[in-house]
Amino acid sequence: MLGPADAPVTVLEYGDYECPYCRGAARDVHRMLDLYPGRIRFVFRNFPIPQLHPHAQQAAEAAEAAAAQGKFWEMYDLLLRPSSGLDLDGLLGYAQDLGLDTGQFRKEVTGGAHAAKIEHDVREGIRDGVNATPKFYVDGARIDGKFPLEGLEDAIRASVRAASGG
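The shown structure was predicted, so the numbers you read here are calculated from the model rather than taken from an experiment.

Reading guide: rules and limits
- Residues numbered from 1 in each chain as written.
- Predicted model: local features only at pLDDT ≥ 70, side-chain atom pairs only at ≥ 80, totals over all residues.
- Heavy atoms only, no water.
- Buried < 20%, exposed > 50% of the residue type's maximum accessible area, 1.4 Å probe, protein only.
- Helix = DSSP H or I, 4+ residues; strand = E, 2+ residues; numbered from the N terminus.
- Pairing = 2+ DSSP bridges.
- Right-handed = clockwise from strand over helix to strand, strands pointing away.
- Phe/Tyr/Trp six-rings, centres within 6.5 Å; stacked < 30°, edge-to-face > 60°.
- Expected span 1.5 Å × (residues − 1).
- Axes fitted to C-alpha atoms, helices over the stretch in contact; angles between N-to-C directions.
- Contact = heavy atoms within 4.5 Å.
- Core = buried A, V, L, I, M, F, W, Y, C linked by side-chain atoms within 4.5 Å.
- Lys, Arg positive; Asp, Glu negative; His and termini not counted.
- Salt bridge = Lys/Arg side-chain N within 4 Å of Asp/Glu carboxyl O.

(A) Summary view of the pairing of strand β1 (residues 9-15). Of all the seven residues making up β1, seven are buried; the element is thus mostly covered by neighbouring parts of the structure. Here β1 shows no split at all, with Val9, Val11, Glu13 and Gly15 on one side and Thr10, Leu12 and Tyr14 on the other all buried. By the bridge criterion, seven bridges tie β1 to strand β2 (residues 40-46) in an arrangement that is parallel. Among the inter-strand pairings, Thr10 is bridged to a residue of β2, identified as Arg41. Each parallel crossover has a hand, and the one from β1 via helix α1 (residues 20-35) to β2 is right-handed.

(B) Representation of the packing of aromatic side chains in the model. Enumeration according to the criterion identifies eleven aromatic pairs in this entry. On the basis of an interplanar angle of 70° and a centroid distance of 5.3 Å, the ring pair of Phe44 and Tyr76 is categorised as edge-to-face. On the criterion of sequence distance, the pair formed by Phe44 in strand β2 and Tyr76 in helix α3 (residues 72-79) is long-range, its members being 32 residues apart. A relative accessible area of 9% places Phe44 in the buried class. Following the ring pairs from residue to residue traces out a cluster consisting of Tyr17, Phe42, Phe44, Phe72, Trp73 and Tyr76.

(C) Region of interest: α1. For α1, which comprises 16 residues, the first-to-last C-alpha distance of 23 Å matches the rise-based estimate of 22 Å (1.5 Å per residue) to within 8%. Within the sequence span of α1, burial applies to Cys22, Arg23, Gly24, Ala25, Ala26, Asp28, Val29, Met32 and Leu33.

(D) The sheet that holds strand β4 (residues 141-143), seen in detail. Spatially, β2-β1-β3-β4 is the arrangement adopted by the four strands of the open sheet, whose pairing is mixed. Pairing within the sheet leaves two strands with one partner each, and these edge strands are β2 and β4. Sheet twist, expressed as the average angle between the axes of neighbouring strands with direction ignored, equals 25°. Along the sheet, α3 makes contact with β1 and β2, crossing β2 at roughly 70°. Strand contacts of helix α6 (residues 115-127): β1 and β2, with the helix running at about 110° to β2, the strand carrying the most contacts.

(E) Seen up close, the nonpolar core. Of all hydrophobic cores here, the largest spans 44 residues; its most connected members are Val11, Tyr17, Phe42, Met75, Tyr76, Phe105 and Ile156. Apart from residues no more than four positions distant in its own chain, Tyr76 is found in contact with Glu13, Tyr17, Ala26, His30, Phe42 and Phe44. Core analysis: the next-biggest nonpolar cluster, separate from the first, contains eight residues, Tyr14, Ile49, Val122 and Tyr137 among them.

(F) Quick look at the side chain of Glu13. Along the chain, Glu13 falls in strand β1. Buried charge without a partner: Glu13 forms no salt bridge, and the closest opposite charge is Arg23, 10 Å away. Discounting chain neighbours no more than four positions away, the residues touching Glu13 are Cys22, Val29, Phe42, Val43, Phe44, Arg45, Tyr76, Pro134, Lys135 and Phe136.

(G) Highlighting the pattern of salt bridges. For the structure shown, the criterion picks out nine salt bridges. One salt bridge connects Arg123 with Glu119, and the closest N-O pair in it is separated by 3.8 Å. Linking Arg123 with Glu119, this pair stays in helix α6, spanning four residues, or about one helical turn. The exposure class of Glu119 is partly exposed, given its relative accessible area of 38%. Its salt-bridge partner being Arg157, residue Asp154 comes within 3.3 Å of it at the nearest N-O pair. Here Asp154 and its partner Arg157 are both found in helix α7 (residues 150-163), three residues apart, which amounts to about one turn of the helix. Residue Arg157 is classed as partly exposed on the basis of its relative accessible area of 29%. One network of salt bridges, with partners in common, ties together Arg27, Asp28, Arg31, Glu153, Asp154 and Arg157.

Here's what the structure looks like:
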């Protein structure tokens, strides 16, 4: 979770680190958080689609392995950069850059230590109707549409206005 736990608006994203649209959406999410400081709680859930993105599952493992060492959001940002390399060497380089215990990180990523959590996210996403990435929900309402994220921006604005009483 990024943002205050008691924020009046919750934005949930199901994403795949190898999805080019998710990479673009990360920039837009940061912009929304900057536009509404303290008003949005952002939650990210893993939804790797290995049939389309061969490194997606490994990248999700890397994010969760970083989370286990207190560096989820830092790894999230690195994984979603347009030029990110998601092979094992690239992931290990990011872990080193973040000051993680790279031995533990490697063991968790290659051993699938977080596979159950990732699978839980995917099952939850399927239950929530996720059919592509990124898929956003604002205060529980699914946002459909194309990029740029006008639908997401409109929903956030409406939720912020409603939370502010007008």
